[in-house]
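The lines below spell out each chain.
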Amino acid sequence: MSQHVSPTASEGIMRRLGLSMGLGGVIMGLVTMPEIVEQGHDAPGWWSPVAAVLTFGGFPVLAAVSVRSRPAVIRLVSGLTALSFLVALAITPIAVQPHTLDASSVWLYRMLPLGMLAAALAWRLLFSVVYLLVGSTAVAFVNVYLVEQFSTMSALSGLLRACGLATLFLWCVTCAHGAGARVDRESAVAGRRAAATAASTARDHERARFAALIHDAVLSTLLDASRGAEDAPAGPPPAGAPKPCPGASPGEVSVLRRQAQSTLDQLDEIRVEVREPDVLDARSAVIFLRSAVHEINPGIRFATRTWPGFDDLRMPVAVAGTMAAALGEAVRNSLRHATIPGQPVHRTVTCTISAGSIRLVFNDDGAGFDVAQVSADRLGISVSILGRMRQLAGGAGFVESQPGEGTTVTLVWGGDGSA
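Quick notes on the rules
- Residues numbered from 1 in each chain as written.
- Predicted model: local features only at pLDDT ≥ 70, side-chain atom pairs only at ≥ 80, totals over all residues.
- Heavy atoms only, no water.
- Helix = DSSP H or I, 4+ residues; strand = E, 2+ residues; numbered from the N terminus.
- Buried < 20%, exposed > 50% of the residue type's maximum accessible area, 1.4 Å probe, protein only.
- Contact = heavy atoms within 4.5 Å.
- Areas by Shrake-Rupley, 256 points an atom, 1.4 Å probe, with all protein chains shown as cover.
- Patch = residues over 30% accessible without salt bridge, like charges linked within 9 Å, V, L, I, M, F, W, Y side chains within 5 Å.
- Salt bridge = Lys/Arg side-chain N within 4 Å of Asp/Glu carboxyl O.
- pLDDT = per-residue confidence, 0-100.
- Expected span 1.5 Å × (residues − 1).
- Bend = angle between axes of the 7 residues up to and from the residue.
- Pairing = 2+ DSSP bridges.
- Axes fitted to C-alpha atoms, helices over the stretch in contact; angles between N-to-C directions.
- Parallel < 35°, antiparallel > 145°, perpendicular 65-115°, else oblique.
- Left-handed = near helix turned anticlockwise from the far one by under 90°.
- Nonpolar A, V, L, I, M, F, W, Y, C, P; charged D, E, K, R; others polar.
- Phe/Tyr/Trp six-rings, centres within 6.5 Å; stacked < 30°, edge-to-face > 60°.

- Per an unreviewed UniProt entry, the protein chain goes by the name Sensor histidine kinase and belongs to Nocardia jiangxiensis.

### Here's the deal with the overall build of the protein chain
Link 1 in the chain: If you tally the helices and strands in the protein chain, you get 11 helices and 8 strands.
Link 2 in the chain: The burial tally for the protein chain puts 42% of its 419 residues in the buried class.
Link 3 in the chain: Counted over contacts in the protein chain with a minimum sequence separation of 6, partners at least 24 positions apart contribute 75%.
Link 4 in the chain: A total accessible area of about 21,900 Å² is found for the protein chain, and carbon and sulfur atoms account for 62% of it.

### Quick notes on a nonpolar patch on the surface
Link 1 in the chain: Together, Leu126, Phe127, Val130 and Val134 make up an exposed nonpolar region whose accessible area comes to about 380 Å².
Link 2 in the chain: Within the secondary structure, Leu126 sits in helix 6 (residues 125-146).

### A look at the confidence of the model for the protein chain
Link 1 in the chain: Taken residue by residue, the protein chain gives an average pLDDT of 80. The fraction at 70 or more is 73%.
Link 2 in the chain: For residues 1-5, every residue scores under 50 in pLDDT, and the model assigns this stretch 14 contacts once sequence neighbours within four places are set aside.
Link 3 in the chain: The low-confidence segment residues 272-277, where pLDDT is below 50, has 8 contacts with residues more than four positions distant or belonging to other chains.

### Overview of helix 1 (residues 9-40)
Link 1 in the chain: Compared with an ideal rise of 1.5 Å per residue, which puts 32 residues at 46 Å, helix 1 spans 44 Å between its outermost C-alpha atoms and is within 8% of the ideal.
Link 2 in the chain: A maximum bend of about 45° is found in helix 1 at Thr32, where proline Pro34 lies one to four positions downstream.

### Notes on the side chain of Thr410
Link 1 in the chain: Relative to the helices and strands, Thr410 resides in strand 8 (residues 407-413).
Link 2 in the chain: Thr410 sits in the buried class, given a relative accessible area of 5%.
Link 3 in the chain: When sequence neighbours within four positions are dropped, the list of residues in contact with Thr410 reads Arg359, Leu360, Val361, Ala396, Gly397, Phe398 and Glu400.

### What about the pairing of strand 5 (residues 347-353)?
Link 1 in the chain: Within strand 5, 6 of the 7 residues are buried, leaving the element largely enclosed by the surrounding structure.
Link 2 in the chain: The pairing of strand 3 (residues 301-306) with strand 5 spans 6 bridges and is classified as parallel. Looking at the pairing, Arg301 lines up with Thr348 of strand 5.
Link 3 in the chain: Pairing of strand 5 with strand 6 (residues 358-364) involves 7 bridges; the strand directions are antiparallel.

### Topic: the pattern of salt bridges
Two side chains bearing opposite charge may form a pair once their charged atoms approach each other closely.
Link 1 in the chain: Counted by the stated rule, this structure contains 5 salt bridges.
Link 2 in the chain: When the shortest N-O distance is used, the salt bridge between Arg110 and Glu35 registers 2.3 Å. Taken together, the positions of Arg110 in the loop between helix 4 (71-95) and helix 5 (112-122) and Glu35 in helix 1 put the pair 75 residues apart, joining distant regions of the chain.
Link 3 in the chain: According to the relative accessible area criterion, Arg110 is partly exposed, its value standing at 37%.

### Focus: the packing of helix 2 (residues 47-56) against helix 4
Link 1 in the chain: It is at 8 Å that the axes of helix 2 and helix 4 come closest, and there the two elements cross at 160°. The pairing of helix 2 with helix 4 is recorded here as roughly antiparallel in orientation. Every pair of crossing elements has a handedness; the one defined by helix 2 and helix 4 is left-handed. Within the contact between the two elements, helix 2 uses Trp47, Val50, Ala51, Leu54 and Thr55 and helix 4 uses Ser84, Phe85, Val87, Ala88, Ile91, Thr92 and Ala95.
Link 2 in the chain: Among the residues making up the contact of helix 2 with helix 4, the classes are represented as 9 nonpolar, 3 polar and no charged.

### Remarks on the packing of helix 4 against helix 5
Link 1 in the chain: Remark: helix 4 packs on helix 5, axes separated minimally by 8 Å, with the N-to-C direction vectors making an angle of 145°. For the pair helix 4 and helix 5, the crossing hand works out as left-handed. For the pair helix 4 and helix 5, the contacting residues are Ile74, Arg75, Ser78, Gly79, Thr81, Ala82 and Phe85 in the first and Leu112, Gly115, Ala118, Ala119, Leu121 and Ala122 in the second.
Link 2 in the chain: Counted by class, the contact of helix 4 with helix 5 contains 8 nonpolar, 4 polar and 1 charged residues.

### A closer look at the packing of aromatic side chains
Link 1 in the chain: This structure, assessed with the given rule, holds 4 aromatic pairs.
Link 2 in the chain: Aromatic pair Phe56 and Trp107: ring centres 6.0 Å apart, planes at 20°, arrangement stacked. Separated by 51 residues along the polypeptide, Phe56 in helix 2 and Trp107 in the loop between helix 4 and helix 5 bring together distant segments of the chain. Grouping residues by exposure puts Phe56 and Trp107 together as buried.
Link 3 in the chain: Relative to Tyr131, the ring of Trp123 lies with its centre 5.9 Å away and its plane at 55°, an arrangement referred to as tilted.
Link 4 in the chain: Looking at Trp123, the relative accessible area reads 29%, which means it is partly exposed.
Link 5 in the chain: Put simply, the rings of Trp47, Phe56 and Trp107 touch in pairs and so form one group of aromatic residues.

### So, helix 5
Link 1 in the chain: Most of helix 5 sits inside the fold, with 11 of its 11 residues counted as buried.
Link 2 in the chain: Those residues of helix 5 that sit buried are Leu112, Pro113, Leu114, Gly115, Met116, Leu117, Ala118, Ala119, Ala120, Leu121 and Ala122.

Next comes the structure, spelled out in structure tokens:
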């Protein structure tokens, strides 16, 4: 069995930004280390190592978690890294006497862009702007307090320099996030179009097949029969002549009968064996179902697992639509009811495909509930999820949950519905 996860463009950009920021922070810390040591000579011995750890310590962790961890973990580490820089700024005026550093600027002053990058990766734009204002004010104050002679002009100049550079970094990260969101929206639209195109192609293929049969077999049989009738002599048919084709010899009648029987067999084969013309192959089905989930919440992870022979899957669009609707209801129920105050809830969809079946498992680690206590009027579960799946031939649905242990919704289609 093979497995791959289909990340969104936003998630991919976040991982690359987190990894780049993490490595950049480590490099910046190493480059700044001689200056940190030198300025530490004029301050208490504990200040330099503590401030350095608070400023740079989160970046190697950010680089590590950006490789494989969930986006929520990346945002959490990035946010803590941004806040720890503010803590380093806050302890500096307490630890170091004013105007005691022999330097043009305190080294913390130039580290604000690193903190700004981490904040922009972790939080929405509004909170990032607040961090920009607070951080710019703090580094300007620390620099004036420890190095420069205070004046309105020096304070304003320090504030504008810090704010200008940090704003540039905030703008870059915001544009990257916006580009990822646009790509995700376009991917969802493209997925729906691909599913519709696949269904249309399958329908056109079946129509062409049927038209070819009509032309090559049915019409040919009727044409031969009509020619036999045109060649029939006037007057009553001779004794013993076959009634279906007056004027045709017994051999010609036999040929026409065999041809007609062959045509009827081919029509029966189409009637019995052809599937619903609006069908999706495995790839189109995955795109269709993933788009249905990401239209509701693009942050939900969608993993795909395949078994040998999965390329043989042919899924009617009506079945895909029903499963997508049931899955969407499961996602919406989780977003409405699984929230735990102060704790992130992780949600994942796993799609497993084999030759003739598809299995969807939606899982969250949220609040959960007692399935036995769900009232009959909770239509979201009984009708919109389980009811929909029961209406599908070969379909079934299951809901498992316990208070405090999250919820798992399983939807299967194919075979007897228990794949």
